[in-house]
Amino acid sequence: MAHVMHGAESAVRQPVVLPVEPASTGDSRLDACLKRSTDALLAAQRRDGHWVFELEADATIPAEYVLLRHYLGEPEPALEKKIAKYLRRIQGSHGGWPLFHDGPFNISASVKAYFALKAIGDAPDAPHMRKAREAILAHGGAGATNVFTRILLALHGVIPWQAVPTIPVEIMFLPRWFPFHLFRISYWGRTVLAPLLVLQALKPSSRNPRRVNIDELFPGRSARIRRAPRALHQSRPWFAVFALIDALIRFTEPYFPAGPRKRAIAKSIAFVTERLNAEDGLGAIFPAMANTVMLFDALGYPRDHPQVVAARNAIEKLIVLKRDEAYCQPCVSPVWDTVLACQALIEVGSEPALASARKGLVWLAPRQVLDTVGDWADQRPRVRPGGWAFQYANPHYPDLDDTAVVVMAMDRGAHRLVISGGADFSEAVTRGREWVLGLQSRNGGWGAFDADNTSEYLNHIPFADHGALLDPPTADVTARCASMIAQLGHAADRDALDTALDFLRRNQEADGSWHGRWGMNYIYGTWSVLCAFNAAGVNPHAPEIRRAVDWLISIINADGGWGEHGSSYDLDYRGHQPAPSTASQTAWALLGLMAAGEVNHPAVERGIEYLIRGNNDAGVWPESEFTAVGFPRVFFLRYHGYAKFFPLWALARFRNLNNSNESSARFGM
C-alpha cells in the first residue's frame, strides 16, 4: 500500500527528556482534577440528557451565511455586526484568514471573509480591509480561489459562470453503472451537488441590495478569471481527460433540448425534497442547506412555502449568538458529543457520573435510525437500518463512527452492569452491530457513511479540487468499527474483525503511525487503531503495536503534552508536524499508549501531569486550536467539547488502570 511507503525516510526519533515531574495515582491533584472536570461536564448536560457543544469552522461558513442573506436581499444589520466582529477577530497576522487557528493564509477563506465584511459595511480603506486586500493580491487575487468559492462568486455576479467547472443537471439521468453518478460520490458531495446542479442550469443572480463588488481583489482591478486550474492532488493525465470532457460539455450545453433539462431539474428537486430533513436541513450540513435555500428561491417558491420555511430555519439553528459576536456553525454534533461524554463519565465511574451517562444513553436510544433506508442502501440493499447520525436528525445519512461508539457505550454501560437499572439497550446494540457489519467494504475497512465509495478517479475532475469527493474506508473509522466488533465478542463476527485488522496493518505508515481522517491527524488515527488492537486481543508486543508506541513517545513535546499541526495533511507527507500541546491531542496519545499496555511508561505519567497542570479552576482545559478535520487540507474543525471530555477520559483511565493493576482497558475505547 502507498501508505506504507510514505515518509520512509523519517526515522523514529528518540523519546524527549522532559523537565517536569510525573504525576501518580496517589497524587491528590489527580483526584481534585477529576472531580473538577467531572463536575464541569455534568453541569454542561442538557435537561433531557444530551450534550451539545459549539462546532466551529474557519471564516468561510459565517462569511457564506452573510452572503446568503445578501443573495436573498435580506441583510440583518444587528446580526451581521456581530459576525463582522468575529471575522475581524480571527483574521490572521498575515492579513488574510486561515483554515485553522494560527494557520497559514488561505486564499479562498480570505476572499469570502473580505467579501462578507464589505457586504456588511466595512470600508475597503479600513486598515484590516487594506491589509487583507494586499495579502489576497499577493497570493494571486480572487482568481486563484477554489471551485466552491468560484461558484459563490458566480452566483453573486462577480465572475462569469464560464469560470466554473460544468456539471450539467442531466447527469441525474445517468445509470448506476456509469463512471459518474451521484451515488458514486460521498454523502456530502451528493447533498451539496444535487441542488447545485439546478443552480448551475438556471444561473440565478444575487439581489445584492447594497450593490457590493470586489473588483479590487483582481489584479488590474478587473474581475476576469480563468477556468479552474489543476489541483495539487490531481494527476495531469486524468485532469486533462476530464478538462476535455468539460470543454465538450460547455460547447454542446447551449444545444441541450429543453424537455430533458426540465425533467432533469425535476429529478434533482425530487432528490432534495425527499431528503429535506425538516428543520435539520438537507444532509444536516450548511453548504447543502444554503444551496437548498437558493434552489427554492431560484424556482420562485414563495417565502412562506413550508419547504422554504423549514430550509431557512435549519440554517438559522446553526447560528451561535453571543453578547458581542456571532458565527455560523457548519453543522451541529449532539450525538457525537453525547456519546463521547457518556464514555468519559462511564470511565469516571462515580455515582453522579454513571447516572448522568445513563441519562445520556437513554437520550441516544430513540435517535437510532430504524425505519429510513438511507443512501447507504445503494451499495448494501439487503442490510436493515440501524445506525445513528451525527446530528439531531439526519435519517438518510447515519454514520459508522457514531454508531460504533454508541453501541460500545451502550454495551459497556448496560450489558456489563456498569450502570444499574433501566433499559439494557440490547435491541439497539443488536441493530447497530448488524448495520455496521453490513457496511464493511470489500477491502476490509469502513468509510464514514457508505460502503465501497472508492471511485478514486472522480477526485480528478475539475469540480473536485478539494480532493474529498469520496468517502473511502479509513483507518480511524475502521478502527472504531473493529473496536465495536471486538468488544461485543460475537464468534460469528471473527472473520469481519480479522479482515479489518488486516486492513489496519496494511495502512500503517512507515514511521508506525496511522492517518486520522476525521481528527487531527496521526495522533488521532494511531490512538484509534491501538484501541482496536487492544480490544481484539492483539499481543501488545506485536511489531505493529511497538512501532506505534515508539512513534507516539518520539513526538512528545517538552511540556509533556502532544500536539499536531494541520500541515500534517499536506500531500508531501514528511512525518509528524509538531505543534503546541493541546489537551485533546494529549488525551488521544495517552489513551493510545494505555491501550498498548504502557500505563506505567514515564511518557504517560508526564502526559497526565500536563493535563493536571492545564485544568483550570472551572474544571476545563482552555483550547483554541482546531484538532479535527472535515476535508483534509481544505476544511478544519474545532469541537468545543473535545477538551471537556477527552482529557477527563484519559485521567480516569489512568487512575482506573493503576488502581486495578491491569495493563490495559477491557473495552473498545
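Now for a quick tour of the structure. Just so we're clear, the structure is a prediction, and the values are computed from it rather than from any experiment.

Cut-offs and rules
Residues numbered from 1 in each chain as written. Predicted model: local features only at pLDDT ≥ 70, side-chain atom pairs only at ≥ 80, totals over all residues. Heavy atoms only, no water. Core = buried A, V, L, I, M, F, W, Y, C linked by side-chain atoms within 4.5 Å. Buried < 20%, exposed > 50% of the residue type's maximum accessible area, 1.4 Å probe, protein only. Helix = DSSP H or I, 4+ residues; strand = E, 2+ residues; numbered from the N terminus. Contact = heavy atoms within 4.5 Å. Pairing = 2+ DSSP bridges. Expected span 1.5 Å × (residues − 1). Axes fitted to C-alpha atoms, helices over the stretch in contact; angles between N-to-C directions. Parallel < 35°, antiparallel > 145°, perpendicular 65-115°, else oblique. Left-handed = near helix turned anticlockwise from the far one by under 90°. Nonpolar A, V, L, I, M, F, W, Y, C, P; charged D, E, K, R; others polar. Salt bridge = Lys/Arg side-chain N within 4 Å of Asp/Glu carboxyl O.

### Focus on the nonpolar core
Right, so step 1: Residues Leu193, Leu340 and Leu504 are the most contacted members of the largest nonpolar core, which totals 232 residues.
Right, so step 2: For this core, the element with the highest residue contribution is helix α23 (residues 642–660), accounting for 11 residues.
Right, so step 3: Setting aside anything within four residues of it in sequence, one finds Leu340 in contact with Val405, Tyr642, Phe645, Phe646, Trp649 and Met669.

### Structural notes on the sheet that holds strand β4 (residues 628–631)
Right, so step 1: Taken in spatial order, the 3 strands of this open sheet run β1-β5-β4, and their pairing is antiparallel. Bordering the open sheet on either side are β1 (55–56) and β4, each of which pairs with just one other strand.

### Looking at helix α14 (residues 351–364)
Right, so step 1: Taking 1.5 Å of rise per residue, the 14 residues of α14 would be expected to cover 20 Å, and the 20 Å separating its terminal C-alpha atoms lies within 8% of that figure.
Right, so step 2: Those residues of α14 not exposed but buried are Ala353, Leu354, Ser356, Ala357, Gly360, Leu361, Trp363 and Leu364.

### Brief notes about the pairing of strand β5 (residues 635–639)
The side chains of a regular strand alternate, residue by residue, between the two faces of the sheet.
Right, so step 1: Of all 5 residues in β5, 5 are buried; the element is thus mostly enclosed.
Right, so step 2: Note: β1 against β5, 2 bridges, orientation antiparallel. Note that in β5 the partner of Glu56 across the bridge is Arg638.
Right, so step 3: In this sheet, β5 lies alongside β4 in antiparallel orientation, the contact comprising 3 bridges. Each residue of the ladder has a partner; that of Ala628, found in β5, is Leu637.
Right, so step 4: Where β4 hands over to β5, the hairpin turn is made up of 3 residues, of which Arg633 adopts a positive phi near 75°.

### Topic: the packing of helix α11 (residues 286–298) against helix α12 (residues 306–316)
Right, so step 1: For the pair α11 and α12, interaxial distance at closest approach is 9 Å and the crossing angle is 150°. The orientation of α11 relative to α12 falls into the category roughly antiparallel. Between α11 and α12 lies a crossing of left-handed hand. Across the interface between the two elements, Phe286, Met289, Ala290, Thr292, Val293 and Phe296 of α11 pack against Gln307, Val308, Ala311, Arg312, Ala314 and Ile315 of α12.
Right, so step 2: Residue composition of the contact of α11 with α12, by class: 9 nonpolar, 2 polar and 1 charged.

### Here's the deal with the pattern of salt bridges
Right, so step 1: Applying the stated criterion to the full structure yields 37 salt bridges.
Right, so step 2: In this structure, the salt-bridge partner of Arg303 is Asp297, at a minimum N-O distance of 3.3 Å.
Right, so step 3: For the salt bridge of Arg666 with Glu662, the shortest nitrogen-to-oxygen distance reads 3.9 Å.
Right, so step 4: Its relative accessible area of 58% is what places Arg666 among the exposed residues.
Right, so step 5: Look at Glu662 and you get partly exposed, because its relative accessible area is 33%.
Right, so step 6: What you see here is one network of salt bridges that share partners, running through Glu74, Arg207, Asp297, Arg303 and Arg312.

### Describing the packing of helix α4 (residues 77–89) against helix α5 (residues 107–120)
Describing two packed helices takes the angle between their axes plus the distance from one axis to the other.
Right, so step 1: In the contact formed by α4 and α5, the axes pass within 10 Å of each other and the chain directions differ by 145°. The crossing of α4 and α5 is left-handed. For the pair formed by α4 and α5, the contact residues are Glu80, Ala84, Leu87 and Arg88 on the first element and Ala113, Ala116, Leu117 and Ile120 on the second.
Right, so step 2: Among the residues making up the contact of α4 with α5, the classes are represented as 6 nonpolar, no polar and 2 charged.

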